[in-house]
Amino acid sequence: MVTVNLNLEIDEKKVAEILKDIARDKMGGWFELPKKYDMGEFAKIKEVAKKIQDESEYLVCIGIGGSYLGHRALIEALRPKSATKIIYAGNSLSRKELDFALEKVGDHDFSVNVISKSGTTLEPAIAFSEFKKKLIEKYGEEAANERIYATTDAKVGALHDEAVANNWVRFVVPDNIGGRYSVLTAVGLLPLAVAGIDVDKLLEGAASAVEEAVLPAAKYAFMRYALGKKNYDTEVFASFEPATRYFNEWLKQLFGESEGKNKQGIFPAAVIYSTDLHSLGQFMQDGRRNLFETIINYPTDELNMKVVQAVKVAHAEGGIPVLDIGVSSYDEKGFGELIYFFELACAVSAKLFGVNPFDQPGVEAYKNELKKLMAEG
């Protein structure tokens, strides 16, 4: 189980109130999801994943933010052995990146999993248009439709309507689960299963955390809140495994979008040690003392463990509050536990700061400005 090495008294009554509030929230569907997963949908996910593996060398996953970060994090970290490789597209507006993805697919057999609640988000919409055209050119329209898998709204939206019209296999983005909390839904599970991740063990780990993560997650959330109120306004997530870089990216979205409202919240940053000790190590040791460090302590080799211990001591002596998150195992079960732990800790922390963990009103600001610029030509 995930452990938190903190000697901290927490207000258990306050924790109970927050948990009830989360469970009642219209976007709190992730709260008990690992224990109440729809086994019919789960079986369909594994069946479709097998079909994709049998007929495609590549699965192109098209999505941005919560539609790709969670499953990419686990695929990058666990490096599963599947003959079908995952390619990501639609997570930027870079033409160079899109062309690179198209060139990588080349003339190989491929399928597409387009992941979008609405189907109108600009980045994935552009990428999907290009890959759909490539599918039709390679297989013809009818066969192309059999290689498109849409993860979208159950009832409405541009992508939903197109999927129904073309009889694409569909999976649901739940109405009561936001993107950054969606990795344990079909949003994440289909790509993960295709990539060769043991999704049964992943859900097993998350389900165990539903029961066991409450106290450690609450301790971590209360400590973050206490540090934030003492003007420690930046949290640096530190990992000692390079393959977990995208897990750090998922954490940055999870905490940044959940907490950063009403001029509240702690800014999330991330480093990979020992690499970043040779670039950011000086600042961490002797720079501004407005930050604290959360070490995600994955099971690793003996030399790396010595680096972990050295960093803890040096940074603590340098005046940095250091929090230590212990991960039970570097496998699907361990990451299932860790995902749920951070989802719960983040939601509790946001509630302590007095903000809604599940909306992201500020994200629309740049989109509105971009629409204006595009309308001007």
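Residues numbered from 1 in each chain as written. Predicted model: local features only at pLDDT ≥ 70, side-chain atom pairs only at ≥ 80, totals over all residues. Heavy atoms only, no water.

### Quick notes on the pairing of strand S7 (residues 234-239)
The buried fraction of S7 is high, at 6 of 6 residues. Alternating residues of S7 divide into Thr234, Val236 and Ala238 and Glu235, Phe237 and Ser239, and every residue in both groups is buried. Where S7 and strand S8 (residues 267-272) come together, 6 bridges link them in parallel fashion. Bridge pairing links Ala238 to Val271 in S8. Read as a crossover between parallel neighbours, the route from S7 over helix H11 (residues 245-259) to S8 is right-handed. (Buried < 20%, exposed > 50% of the residue type's maximum accessible area, 1.4 Å probe, protein only. Helix = DSSP H or I, 4+ residues; strand = E, 2+ residues; numbered from the N terminus. Pairing = 2+ DSSP bridges. Right-handed = clockwise from strand over helix to strand, strands pointing away.)

### Things to note about the pattern of salt bridges
All chains considered together, the criterion is met by 23 salt bridges. Where Lys117 meets Asp153, a salt bridge forms, and the shortest distance between an N and an O atom there is 2.8 Å. Taken together, the residues span a long stretch of sequence, with Lys117 in the loop between strand S4 (110-115) and helix H5 (122-139) and Asp153 in the loop between strand S5 (148-152) and helix H7 (158-166) at a distance of 36 residues. On the basis of relative accessible area, Lys117 is assigned to the partly exposed category, the value being 34%. Here Glu337 makes a salt bridge to Lys333, at a shortest N to O gap of 2.9 Å. Of this pair, Glu337 and Lys333 both sit in helix H14 (residues 332-353), separated by 4 residues, roughly a single helical turn. (Salt bridge = Lys/Arg side-chain N within 4 Å of Asp/Glu carboxyl O.)

### What to know about unusual backbone geometry
It is generally the case that most residues other than glycine have a negative phi and that most peptide bonds are trans. The residue after Tyr273, namely Ser274, is reached through a cis peptide bond having omega 5°. If you trace the backbone, Ser274 turns up in the loop between S8 and helix H12 (281-286). Phi is positive for Asn231, which is not a glycine, with a value near 70°. When you line up the elements, Asn231 lands in the loop between helix H10 (214-229) and S7. Asn231 gets classed as exposed once you look at its relative accessible area, which sits at 61%.

### A few points about the packing of aromatic side chains
Applying the stated criterion across every chain yields a total of 25 aromatic pairs. Geometrically, the ring pair formed by Tyr330 and Phe335 is edge-to-face, given 5.3 Å between the ring centres and 80° between the ring planes. Residue classification places Tyr330 among the partly exposed residues on the basis of a relative accessible area of 27%. Here Phe341 and Phe342 contribute two aromatic rings whose centre-to-centre distance is 5.1 Å and whose plane-to-plane angle is 75°, an arrangement assigned as edge-to-face. Assessed through its relative accessible area of 0%, Phe341 is described here as buried. Grouping aromatic residues by their ring pairs yields a cluster made of Tyr220, Phe237, Phe247, Trp250, Phe255, Tyr298, Tyr330, Phe335, Phe341 and Phe342. Looking at Lys44, its charged tip hangs above the ring of Phe171, at a distance of 4.7 Å from the centre. Just above the ring of Tyr139 sits the side chain of Arg147; from NZ or CZ to the centre is 4.1 Å. (Phe/Tyr/Trp six-rings, centres within 6.5 Å; stacked < 30°, edge-to-face > 60°. Lys NZ or Arg CZ within 6 Å of the ring centre and 35° of its normal.)

### Some points on a negative patch on the surface
Taken together, the side chains of Glu9, Asp11, Glu12 and Glu17 make up a negatively charged region of the molecular surface. Residue placement: Glu17 occurs in helix H1 (residues 12-24). (Patch = residues over 30% accessible without salt bridge, like charges linked within 9 Å, V, L, I, M, F, W, Y side chains within 5 Å. Areas by Shrake-Rupley, 256 points an atom, 1.4 Å probe, with all protein chains shown as cover. Lys, Arg positive; Asp, Glu negative; His and termini not counted. Charge placed at Lys NZ, Arg CZ, Asp CG, Glu CD.)

### Details of the sheet that holds S8
Within a sheet, adjacent strands bond to each other through the backbone by hydrogen bonds, running parallel or antiparallel. Pairing is mixed across the open sheet formed by 5 strands, whose spatial order is S1-S10-S9-S7-S8. Either end of the sheet is taken by a strand with one partner, and the two such strands are strand S1 (3-4) and S8. Of the strand pairs in this sheet, S1 and strand S10 (residues 322-326) are connected by 2 bridges, and their pairing is antiparallel. Pairing of Val4 across the sheet is with Ile325, part of S10.

### As for the packing of H1 against H10
Put simply, H1 and H10 touch, their axes get as near as 11 Å, and they point 105° apart. By the criterion of interaxial angle, the relationship of H1 to H10 is roughly perpendicular. Along the contact surface, H1 presents Lys14, Val15 and Leu19, while H10 presents Val214, Ala218 and Phe222. Looking at the contact of H1 with H10 residue by residue, the classes come out as 5 nonpolar, no polar and 1 charged. (Axes fitted to C-alpha atoms, helices over the stretch in contact; angles between N-to-C directions. Parallel < 35°, antiparallel > 145°, perpendicular 65-115°, else oblique. Contact = heavy atoms within 4.5 Å. Nonpolar A, V, L, I, M, F, W, Y, C, P; charged D, E, K, R; others polar.)

### Some points on helix H3 (residues 69-78)
Counting buried positions over the 10 residues of H3 gives 9, a clear majority of the element. Residues of H3 that are buried include every one of Leu69, Gly70, His71, Arg72, Ala73, Leu74, Ile75, Ala77 and Leu78, and no others.

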